[in-house]
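# Residue-level structure breakdown
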Amino acid sequence: MNIQLLNKNISDIKAEILVEFLTPDSLKEHSEVGILNQAGFKAEQDSTCFLHEKGLLFCGTDSKKSDDIRSAASSMVKALKSSNYENVAFSVIKNSSLSAMVEGVILGGYEFNDYKSKPKEITLKEISIASNELDYEELKKTFDEAVIISNATCYTRDIVNKAPQELNPETFAILAKKLADTNSLECNILAEDDLKKENMGAMLAVGRASIHESQLIHLAYKPANPKKVISLVGKGLTYDSGGLSLKPAASMVTMKMDKAGACAVLGMIKSASELKLDVEIHVFIGAVENMVGGNAYKPDDVLVSRSGTTIEVRNTDAEGRLVLADVLTYAQETVKADGIFDFATLTGACMIALGQYTTGVMGHSHKLKHDISKAASASGELTGSLPFNKHLKKLLKSEIADISNVASKPFGGAITAGLFLDKFIKDENKNKWMHFDIAGSAYTESAWDCNVYGGTGAGVRFMSEYLKNI
Ligand code: BES
Ligand code: ZN
Ligand code: ZN
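Our subject in this report is the structure included herewith. Within each chain, residue numbers correspond to sequence positions counted from 1 in written order. Key to labels: chains lettered from A, ligands numbered from 1, both in the order written. With the structure being a predicted model, the display of local features is reserved for residues of pLDDT at least 70 and the display and counting of side-chain atom pairs for 80 or more, all residues being used for whole-chain, interface and lining totals. Side-chain descriptors were evaluated using all non-hydrogen atoms of the structure, hydrogens and water having been removed beforehand.

What follows concerns the nonpolar core. Among soluble globular proteins, nonpolar side chains are generally buried collectively. Throughout this description, the term nonpolar core refers to a set of buried Ala, Val, Leu, Ile, Met, Phe, Trp, Tyr and Cys residues connected via side-chain atoms within 4.5 Å. With a 1.4 Å probe rolled over the protein chains alone, any residue whose accessible area is under 20% of its type maximum counts as buried; one over 50% counts as exposed, and the rest are partly exposed. If you look at the biggest cluster of nonpolar residues, it comprises 54 residues, and the most contacted ones within it are Phe172, Leu219, Leu232, Leu266, Phe341 and Met463. Secondary structure follows DSSP: runs of H or I at least 4 residues long count as helices, runs of E at least 2 residues long count as strands, and numbering of each begins at the N terminus. At nine residues, the largest contribution of residues to this core is made by helix H10 (residues 260-274). Listed in part, the 48 residues of the second largest apolar core include Met200, Cys350, Met362 and Leu386.

See the structure below:
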């Protein structure tokens, strides 16, 4: 399926079917209102109605705002994919909604068919957007950027969706190296021997029972005169069985998605390098598999992290924070960055706190929180604040080590996880760091907005927007 922007009027484009986006108000004034009424079409958000004999498809939307248009464009592409049309055209409404239209089409039209022996045949080949005499050059820039960001989001989804027998820490490192080669990024990979030399005791413990070696992956995009240096850190649990604190059967299903933070930061460096942003970007990934076995790390173990901080393990299912503790320390020691952002499917509690659609955000800097929230609104991703709390912090106290890997009370789990990470952020970096819990937003088992079953690519759009604005 190809999407293109044409410097033409919609009436000059030859397409089998033309699409119109209608609000309930604009429906009332439409020349086809009679027949659309008969068909029961009320222009409700995400509803669609074909008038085949006239070559028209109508898509309902609550408003012409970006968020509604993105969702309506997703419904449009789904309706077209289950028809037999090959090419379709519609008009730009205005510049601000062009990115949303492109995202709706590419993200709503996404499918993951790697494991289907006979993928469904799709006839839809060409989607044309008419610029309708608006400023073509400006629109083209918006269009090209939206295509890059949407494709990077699909790249992230593709990796999240890969099965854990195919994607393990070792194959993840190969995949990252391939991205580095394609996008001319620097790449350094530390396997277990290197990680031992680097004293990554917390990260190594988590991966010890796996047959696959844990990997620390460092990629860098270095433009000539960068305005800022940004480090992006990703939790890359290619599988989280829970370890000896084994997950119940039903909770273990979908835990291939525990690598979504790592997949997201790969999508971000892909989009930043293709957008040719003037920002130096470093990606650090802890790729690890949390399994059971005779040599598994145990509740009651005390780990010595790279920073020297000792950690009492009280639950081996709170493994992401152990991996991130070491990777965050390594990232801070390796690169002096202006911003350090970590992405992790860290806690089920984040979904309880904010719902499954929203990324949890934790950080000390008001300015960073404000800038991120602005970028998220512009991109159509949902973020919500997880506030620091000194009373919750006390719950991480350990009687025998410097800190416990779980809180002593079960409430506020998303915040206590973030507070655990905070312990590994150096004082001089406190105001540069932000933690993003994407446990709910990174994966879905039912379609919503422009997301379809599986990985959503959460984080890629809002971080691309944030990085563009630096
Ligand atoms: N990977 C999980 C968090 C998760 C749960 C992500 C559901 C996506 C969906 C994480 O490693 C985990 O198991 N966290 C525990 C922490 C607890 C033991 C303190 C959790 O959330 O239950
Ligand atoms: Zn876990
Ligand atoms: Zn996990």
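Once the structure has been displayed, the description carries forward.
Burial within strand S6 (residues 126-130) is extensive, with four of its five residues counted as buried. Pairing between strands is defined by DSSP: at least two bridges between them are needed. Two strands pair when backbone bridges link them, and strand S1 (residues 2-6) and S6 are joined in this way by five bridges, in the parallel orientation. Looking across to S6, one finds that Asn2 is bridged to Glu126. When strand S5 (residues 87-91) meets S6, the two strands line up parallel, connected through five bridges. The residue bridging Ala89 from the neighbouring strand is Ser128, located in S6.

Excluding water, the donors of a metal are its N, O and S neighbours within 2.8 Å, or within 3.2 Å for Na, K and Ca, and that exclusion means sites may look incomplete. Protein coordination at the zinc ion (ligand 3) comes from Lys235 (NZ), Asp240 (OD), Asp258 (OD) and Glu319 (OE), with a distance range of 1.9 to 2.4 Å. Key to geometry: four donors with every angle between 85 and 135 degrees are tetrahedral; four donors are square planar and six octahedral where opposite donors lie over 155 degrees apart and all remaining angles lie between 65 and 115; all other sites are irregular. The coordination sphere of the zinc ion (ligand 3) comprises six donor atoms, whose angles at the metal cover 77 to 173 degrees; the geometry is octahedral. For the zinc ion (ligand 3), the donor residues sit on a single chain with the sequence spacing K-x4-D-x17-D-x60-E. Here the zinc ion (ligand 3) and the zinc ion (ligand 2) are spaced 3.2 Å apart, linked through Asp240, which binds each one. Residue Asp258 is located in the loop between helix H9 (249-252) and H10, and its partner Glu319 is located in the loop between strand S12 (310-312) and helix H11 (320-334); the two are separated by 61 residues in the primary sequence. Exposure remark for Asp258: the relative accessible area of 2% places this residue in the buried category. For Glu319, a relative accessible area of 0% corresponds to the buried category.

This brings us to the site of ligand 1. If you check the shell around ligand 1, you find 17 residues, and the closest are Lys247, Asp258, Asp317, Glu319 and Gly348. Here an oxygen atom of ligand 1 and a side-chain polar atom of Asp240 are 2.9 Å apart. For the purposes of these results, a polar contact is taken to be a pair of N or O atoms within 3.5 Å, where, inside protein, one atom must be able to donate a hydrogen and its partner to accept one; residues adjacent in sequence count only when each atom of the pair is a side-chain atom. Within the side chain of Lys247, an N or O atom sits 2.8 Å from an oxygen atom of ligand 1. Compared with its free state, where it exposes 520 Å², ligand 1 has 77% of that area covered by protein. Residue proximity to a molecule or strand is established when one non-hydrogen atom of the residue lies within 4 Å of it. All accessible-area figures derive from a Shrake-Rupley calculation using a 1.4 Å probe, and residue coverage is judged against the displayed protein chains alone.

Before going further, it helps to examine the coordination of the zinc ion (ligand 2). Distances from the zinc ion (ligand 2) to its protein donors, Asp240 (OD), Asp317 (O), Asp317 (OD) and Glu319 (OE), fall within 2.0 to 2.2 Å. Of note is the zinc ion (ligand 2), whose six donor atoms meet at the metal with angles of 72 to 168 degrees in an arrangement that counts as irregular. Each donor residue of the zinc ion (ligand 2) belongs to the same chain, and together they define the spacing D-x76-D-x1-E.

A separate point is the sheet that holds strand S7 (residues 186-190). The eight strands lie next to each other as S7-S8-S10-S9-S13-S17-S14-S15, forming an open sheet whose pairing is mixed. For this open sheet the edge positions go to S7 and strand S15 (383-385), each flanked by a neighbour on one side alone. Strand-to-strand twist across the sheet, computed as the mean angle between neighbouring axes with direction ignored, equals 20 degrees. For strand S8 (residues 215-221) and strand S10 (residues 279-290), the ladder comprises seven bridges, and the chain directions are antiparallel. If you follow Leu219 over to S10, its bridge partner there is Val283. Between two residues, a contact is recorded if the distance between any of their heavy atoms is within 4.5 Å. Note on method: axes are straight lines fitted to C-alpha atoms, helices fitted across the in-contact stretch only, with angles between N-to-C directions ranging 0 to 180 degrees. Helix H16 (residues 460-468) rests against strand S9 (228-240), S10, strand S13 (339-344), strand S14 (359-363), S15 and strand S17 (433-437) of the sheet, and its axis sits at about 170 degrees to S13.

Read these as layout, nothing more, since geometry by itself doesn't imply function.
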